[in-house]
Amino acid sequence: MAFATYLELCRRHPRTLTFGFLFAFFSSPGQTFLVSLFVPSINAEFGLQAGEFGTLVSAATLAGALLLPLLGRLIDTLPIGLYAALVAAFLGCACVLAGLAPALPVLMVAVFGLRLGGQGLMTHTAATIGGRYFGRARGTALGLIAMGHSIGEALFPITVVTLIGLLGWRGGYIALGAALMALCIPAALLLPRGADRPSTAGATAGAAALPAVRSSGRREMLRSPFFYAVLPATLCYGFVSTGLIFHQSMVAAEKGWSLEWMAVSFTVYAGASLVGLIGIGPATDRLTARRLYPFYMAPMCLGLAALAAGDDPTLAPLFFGLTGLSSGFARTLRTAVWAEAYGTQHLGAVRSLVVSMQSVFTALAPAVFGWGLAYGGVTPVVLASLALTGVCSVLAWLAPSPREA
């Protein structure tokens, strides 16, 4: 049933969905999982000690988070094709600059561009068009678009390792930038007319009849009790998952698991994320994101409980799989819930502010969890994470309804 729904939407809106998928897919050059593959080569060439490049990346992420609300809101005023082409060109140039960087200060500028362009603006552009244009089929469309992230996580690592082996790390980044601009800029310019306007496009059988919602900007959102009830659940997932995944080697050392086993277990994460995406899209259209949102972290709660339960090696893939399932849910619901609550006219401004907050918390997570794991151990940190996740989910469940027109 879910596959038929996805196929119907693809048949009716191929250009818009291809655009969103490509922008999600090509956000990968600025995502943590891909940047990390260049770390050994960069450290060796620039004489950086272990952890120094990680500090640079965290600083660049925080700087990008501060700038994202300003640049992200422009998607509400500029034609979407022009805005998207500029975003793709920005990230592509950052990739090329990273490959050409003659000195560390230039590399720092390139890393800032990678984080702001990839983790920030490319992802923001893809999700905003899915949330704005597809109306009653919003969940299904966002699920299709977010598959670009999951497929990127599956394909880019081996691609980048191969490129580094053939061209070196510099040539690898230049090749990524060239491919990104060659595909994403034309996709942006070939968007169908009207793709940047709010619409009920793509309504599918069984989709919920969404109530009329007056579009609200940031000021109204920041005065809304619903926002403050739901925000902790929005920030919690990235904070907890980033902290534990970033320090998976510390978890493995205490549990007595090999890093090879952790790497194998992490592949379950990508697969489960894709499963979550496939399932949550049509469910969101039927039930609405507001009803589902309090429960999107439930799989990760089970994964955290499993991780705290003991040292059996099978608990590693179980934790990664359940956390990946929540990741798949989040990639659809975290945009759909704001569109449902505050409308789509100012979705770019609303979403970019929220994403900037998420970026701050994910940037802080490695330091907070590193300290906690070093001084408290795995089990106390995991149990504290489980309690935090549970409290945030309950707050989202108790959230009052946002004002409706």
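Everything below is about the structure printed above this text.
Below, the structure is looked at part by part. Bear in mind that the values here come from a model prediction, so they are computed numbers and not experimental data. (Residues numbered from 1 in each chain as written. Predicted model: local features only at pLDDT ≥ 70, side-chain atom pairs only at ≥ 80, totals over all residues. Heavy atoms only, no water.)

**Things to note about the overall build of the protein**
For step 1, the next point in the chain: From N to C terminus, the protein includes 17 helices and zero strands.
For step 2, the next point in the chain: Its C-alpha atoms give the protein a radius of gyration of 20 Å, within 12% of the compact-globule value 22 Å for 405 residues.
For step 3, the next point in the chain: C-alpha extents for the protein along the principal axes are approximately 55 × 45 × 40 Å.
For step 4, the next point in the chain: When burial is assessed residue by residue, the protein has 57% of its 405 residues classed as buried.
For step 5, the next point in the chain: Sequence separation of 24 or more characterises 88% of the internal contacts of the protein that already satisfy a separation of 6 or more. (Helix = DSSP H or I, 4+ residues; strand = E, 2+ residues; numbered from the N terminus. Rg over C-alpha atoms; globule rule 2.2 N^0.38 Å. Buried < 20%, exposed > 50% of the residue type's maximum accessible area, 1.4 Å probe, protein only. Contact = heavy atoms within 4.5 Å.)

**Things to note about the nonpolar core**
For step 1, the next point in the chain: Ranked by size, the top nonpolar core spans 64 residues in total, and within it Phe23, Phe53, Met122 and Tyr173 carry the most contacts.
For step 2, the next point in the chain: Examining the composition of this core, we find that 16 residues originate from one element, helix α8 (residues 138–189), more than from any other.
For step 3, the next point in the chain: Setting aside anything within four residues of it in sequence, one finds tyrosine 173 in contact with Pro29, Val35, Phe38, Cys95, Val96, Ala98, Gly99 and Leu114.
For step 4, the next point in the chain: Residues Met221, Leu304, Ala306 and Leu373 belong to the second largest nonpolar core, which totals 57 residues. (Core = buried A, V, L, I, M, F, W, Y, C linked by side-chain atoms within 4.5 Å.)

**Describing the environment of threonine 362**
For step 1, the next point in the chain: Topologically, threonine 362 is positioned in helix α16 (residues 347–376).
For step 2, the next point in the chain: Sequence-wise, threonine 362 and alanine 229 are 133 residues apart; in three dimensions their C-alpha atoms are separated by 20 Å.
For step 3, the next point in the chain: Setting aside residues up to four positions removed in sequence, threonine 362 forms contacts with Gly238, Phe239 and Thr242.
For step 4, the next point in the chain: A distance of 3.0 Å separates the side chain of threonine 362 from the backbone oxygen of serine 359, its partner in a polar contact. (Polar contact = N/O pair within 3.5 Å; in protein donor to acceptor, adjacent residues only side chain to side chain.)

**Re the side chain of serine 273**
For step 1, the next point in the chain: Tracing the chain through its elements places serine 273 in helix α12 (residues 259–287).
For step 2, the next point in the chain: For serine 273, a relative accessible area of 0% corresponds to the buried category.
For step 3, the next point in the chain: In this structure, serine 273 is in contact with Ser150, Gly324, Leu325, Ser327, Gly328 and Arg331, ignoring residues within four places of it in sequence.

**Observations regarding the pattern of salt bridges**
For step 1, the next point in the chain: For the coordinates displayed, the defined rule picks out three salt bridges.
For step 2, the next point in the chain: Of the charged contacts in the structure, one is a salt bridge between arginine 170 and glutamate 45, with a shortest N-O distance of 2.6 Å. Of this pair, arginine 170 sits in helix α8 while glutamate 45 sits in helix α4 (residues 39–46), placing them 125 residues apart in sequence.
For step 3, the next point in the chain: Owing to a relative accessible area of 22%, arginine 170 belongs among the partly exposed residues under this scheme.
For step 4, the next point in the chain: Linking glutamate 153 and arginine 331 is a salt bridge whose minimum nitrogen-to-oxygen distance equals 2.6 Å. Of this pair, glutamate 153 sits in helix α8 while arginine 331 sits in helix α15 (residues 315–342), placing them 178 residues apart in sequence. (Salt bridge = Lys/Arg side-chain N within 4 Å of Asp/Glu carboxyl O.)

**A short note on α16**
For step 1, the next point in the chain: Here α16 spans 41 Å end to end across 30 residues, near enough to the 44 Å set by a 1.5 Å rise per residue.
For step 2, the next point in the chain: Helix geometry: α16 is bent most strongly at alanine 365, by close to 35°, with proline proline 366 lying one to four residues after it.
For step 3, the next point in the chain: Looking one or two residues beyond α16, the residue adopting positive phi is glycine 377, at roughly 95°. (Expected span 1.5 Å × (residues − 1). Bend = angle between axes of the 7 residues up to and from the residue.)

**Regarding the packing of helix α2 (residues 14–25) against α8**
For step 1, the next point in the chain: Between α2 and α8, whose axes approach to 3 Å, the crossing angle comes to 40°. Between α2 and α8, the interaxial angle falls into the category oblique. Handedness of the crossing formed by α2 with α8: right-handed.
For step 2, the next point in the chain: Its residues assigned to classes, the contact of α2 with α8 shows 18 nonpolar, four polar and no charged. (Axes fitted to C-alpha atoms, helices over the stretch in contact; angles between N-to-C directions. Parallel < 35°, antiparallel > 145°, perpendicular 65-115°, else oblique. Left-handed = near helix turned anticlockwise from the far one by under 90°. Nonpolar A, V, L, I, M, F, W, Y, C, P; charged D, E, K, R; others polar.)

**Quick word on the packing of α15 against α16**
For step 1, the next point in the chain: For the pair α15 and α16, interaxial distance at closest approach is 10 Å and the crossing angle is 135°. Between α15 and α16, the interaxial angle falls into the category oblique. Here α15 and α16 pass one another in a crossing that is right-handed. Here Arg334, Thr335, Trp338, Ala339 and Tyr342 of α15 lie close against α16, whose contacting residues are Leu347, Val350, Arg351, Val354 and Gln358.
For step 2, the next point in the chain: Considered class by class, the residues forming the contact of α15 with α16 number six nonpolar, two polar and two charged.

**Details of the packing of aromatic side chains**
Geometrically, a pair of aromatic rings is defined through the distance of the ring centres and the angle of the planes.
For step 1, the next point in the chain: The tally for this structure, following the rule as stated, stands at 17 aromatic pairs.
For step 2, the next point in the chain: A centroid spacing of 6.2 Å and a plane angle of 10° characterise the contact between phenylalanine 21 and phenylalanine 25, whose relative ring orientation is stacked. With a gap of four residues between them, phenylalanine 21 and phenylalanine 25 both fall in helix α2, about one helical turn apart.
For step 3, the next point in the chain: According to the relative accessible area criterion, phenylalanine 25 is buried, its value standing at 14%.
For step 4, the next point in the chain: Centre to centre, the rings of phenylalanine 46 and tryptophan 169 are 6.3 Å apart; their planes meet at 65°, and the pair counts as edge-to-face. On the criterion of sequence distance, the pair formed by phenylalanine 46 in helix α4 and tryptophan 169 in helix α8 is long-range, its members being 123 residues apart. Neither residue differs from the other here; phenylalanine 46 and tryptophan 169 are each classed as buried.
For step 5, the next point in the chain: Each member of the aromatic cluster is reached from another via a ring pair, and the members are Phe226, Phe227, Tyr228, Trp338 and Tyr342. (Phe/Tyr/Trp six-rings, centres within 6.5 Å; stacked < 30°, edge-to-face > 60°.)

**Here we look at the environment of leucine 388**
For step 1, the next point in the chain: With respect to the helices and strands, leucine 388 occurs in helix α17 (residues 378–397).
For step 2, the next point in the chain: In this structure, the C-alpha to C-alpha distance between leucine 388 and tyrosine 237, residues 151 residues apart in sequence, is 9.8 Å.
For step 3, the next point in the chain: If we ignore the near neighbours within four places in the chain, the residues touching leucine 388 are Cys236, Phe239 and Val240.

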